[in-house]
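Commentary on secondary and tertiary structure
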Amino acid sequence: MDKSKILIIDDDPVCTGVLLAILGDDYDVTTANSGSGGIDILSSQTPDLILLDITMPEVNGYQVLKFLQEDPSRIDIPVVVISTLVESSDKEFAIKLGADDYINKPIMPNVIQDKLEKYL
């Protein structure tokens, strides 16, 4: 069976490293260290799940969510936001823009695994 494809879009190399360690070899993982890099990857690949940071320079996670909503071929890709933004209004805005779920940093392995099981 093919591995599920996960795209991590996060400008923080430490968070990306933690996610890669959690995901291990169980998934086919691609990473982008910016929102624009994530959009570039999405132009040529269709992951099964996106793990998305919000606070990134230039193109932020909200803009990536808008990009996904504007593309009918990508609108059904589950997106789990992983962010340092902890206000309920941040979560509500991300969900309104099409995120399926929202996790606050720091990253907890069991929470990530729960979300993977839920959406894959």
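For clarity, every value in this text was computed on a predicted model and none was experimentally measured.

Next up on the list: the nonpolar core. Among the nonpolar cores identified, the biggest contains 22 residues, and Ile 9, Ile 50, Leu 52, Val 64, Leu 65, Val 81 and Ala 94 are the most heavily contacted of them. Those elements that place two or more of their residues in this core are strand S1 (5-9), helix H2 (35-42), strand S3 (49-52), helix H3 (61-69) and strand S4 (79-83). When residues of this core are assigned to their parent elements, the largest contribution, four residues, is made by H3. Sequence-distant contacts of Ile 50, that is, excluding residues within four places in its chain, are made with Leu 7, Ile 9, Leu 42, Leu 68, Ile 77, Pro 78, Val 79 and Val 80. Ranked by size, the runner-up nonpolar core spans 16 residues in total, among them Leu 19, Leu 49, Ile 107 and Leu 116.

Residues annotated by UniProt as "domain: Response regulatory" (unreviewed entry) correspond here to residues 5-120. Segment residues 5-120 splits into 41% helix and 20% strand. End C-alpha atoms: 9 Å apart.

Inspection of every chain in the model, using the stated rule, returns five salt bridges. A salt bridge links Asp 101 to Lys 115, with the shortest nitrogen-to-oxygen separation between them at 3.1 Å. Remark: Lys 115 occurs in helix H5 (residues 109-119) and Asp 101 occurs in strand S5 (residues 101-104); sequence separation between them is 14 residues. With relative accessibility at 9%, the residue Asp 101 sits in the buried group.

Cut-offs used in this document
- Residues numbered from 1 in each chain as written.
- Predicted model: local features only at pLDDT ≥ 70, side-chain atom pairs only at ≥ 80, totals over all residues.
- Heavy atoms only, no water.
- Core = buried A, V, L, I, M, F, W, Y, C linked by side-chain atoms within 4.5 Å.
- Buried < 20%, exposed > 50% of the residue type's maximum accessible area, 1.4 Å probe, protein only.
- Helix = DSSP H or I, 4+ residues; strand = E, 2+ residues; numbered from the N terminus.
- Contact = heavy atoms within 4.5 Å.
- UniProt positions renumbered as here; feature names shortened; annotations may be inferred.
- Salt bridge = Lys/Arg side-chain N within 4 Å of Asp/Glu carboxyl O.

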